[in-house]
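So you can see what is in the structure, the chains are spelled out below.
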Amino acid sequence: MIYASDKNNKAPKIDKEVIFQSKVKTMVDKLQLSPDQVDKFVPIYREYVEKVLANRPKYVGPKSVLTRQGKIKPGIKLSQEQALNIARERISIQQHILSVQQETLEKLKYVLTPQQLLNFTHVESQMGRSVAEAWKNKGHKGHGHPDKKHVAPPVKKRD
């Protein structure tokens, strides 16, 4: 992954545009999009990614009570009500993502072939699992970033 440097020696920030371009390149390759399809797909996909990321869980991260794997951090005690609220938030986020996926598929049906449309959610799911697996394989425990070499170069607009 590509990171922006931080002057205060804090954990480096991931360059979201580079990640987005890498995801676009993967989609273009896996779905075998034509240049015309790419021009129509990218804005729809950008909107999809932004909407999904806008509703990220607030219960994970360095100041949270849970690890990225969803386990309670050592030394933290949750009440039944707190655990229930976190579980409800997880379900709400999953519902939001499904809603955004359905909305996106409705837009993409005018851009993609039937087979590409079916493959879209599969490829998106695979990308999510591969990122999670990269974190797991690197032994991260809520800090650091996956291996930098997994990012593809930015997608160049086809003529």
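All values derive from a computational prediction rather than experimental measurement. (Residues numbered from 1 in each chain as written. Predicted model: local features only at pLDDT ≥ 70, side-chain atom pairs only at ≥ 80, totals over all residues. Heavy atoms only, no water.)

(A) Local environment of the pattern of salt bridges. On inspection of all chains with the given rule, the structure shows nine salt bridges. Between K25 and D29 there is a salt bridge, and its shortest N-O distance comes to 2.8 Å. Here D29 and K25 lie together in helix 1 (residues 16–31), a separation of four residues that amounts to about one turn. On the basis of relative accessible area, D29 is assigned to the partly exposed category, the value being 43%. For K107, the salt bridge identified is with E103, shortest N-O distance 3.7 Å. Highlighted residues: K107 and E103, both in helix 3 (residues 80–108), separated by four residues, approximately one helical turn. Overall, K107 belongs to the partly exposed group, its relative accessible area being 31%. Look at the salt bridges and you will find they share partners, linking E47, K51, E103 and K107 into a network. (Salt bridge = Lys/Arg side-chain N within 4 Å of Asp/Glu carboxyl O. Helix = DSSP H or I, 4+ residues; strand = E, 2+ residues; numbered from the N terminus. Buried < 20%, exposed > 50% of the residue type's maximum accessible area, 1.4 Å probe, protein only.)

(B) The confidence of the model for the protein chain, seen in detail. Put simply, the protein chain has an average pLDDT of 76, and 67% of its residues get 70 or more. Averaged pLDDT values over the elements of the protein chain bottom out at 44 in strand 1 (residues 3–4) and peak at 93 in helix 2 (residues 35–54). Per-residue pLDDT stays below 50 along residues 1–6; that stretch engages in 23 contacts with residues further than four places along the chain or on separate chains. Here residues 140–153 scores under 50 on pLDDT; set against residues more than four positions off or in separate chains, the count is 29 contacts. (pLDDT = per-residue confidence, 0-100. Contact = heavy atoms within 4.5 Å.)

(C) Quick peek at helix 2. Between the first and last C-alpha of helix 2 there are 29 Å, a value that for 20 residues agrees with the 28 Å anticipated at 1.5 Å per step. The sharpest bend along helix 2 measures roughly 30° and falls at F41, with the proline P43 sitting one to four residues further on. Those residues of helix 2 lying buried are Q37, V38, F41, I44, Y45, Y48, V49 and V52. (Expected span 1.5 Å × (residues − 1). Bend = angle between axes of the 7 residues up to and from the residue.)

(D) Just unusual backbone geometry, in detail. One non-glycine residue, Q32, lies in positive phi territory at about 55°. Residue placement: Q32 occurs in the loop between helix 1 and helix 2. Q32 sits in the exposed class, given a relative accessible area of 65%.

(E) Here's a closer look at the packing of helix 2 against helix 3. At a minimum axis distance of 10 Å, the contact between helix 2 and helix 3 shows a crossing angle of 170°. Judged by the angle between their axes, helix 2 and helix 3 are roughly antiparallel. Here helix 2 contributes F41, I44, E47, Y48, K51 and V52 to the contact with helix 3, which in turn contributes H96, I97, V100, Q101, E103, T104, K107 and L108. Within the contact of helix 2 with helix 3, the residues separate by chemical class into seven nonpolar, three polar and four charged. (Axes fitted to C-alpha atoms, helices over the stretch in contact; angles between N-to-C directions. Parallel < 35°, antiparallel > 145°, perpendicular 65-115°, else oblique. Nonpolar A, V, L, I, M, F, W, Y, C, P; charged D, E, K, R; others polar.)

(F) Representation of the environment of Q32. Spatially, the C-alpha atom of Q32 lies 7.9 Å from that of Q116, the residues being 84 residues apart in sequence. Non-local contacts of Q32, meaning those with residues more than four positions away in its chain, are made with M27, Q37 and Q116.

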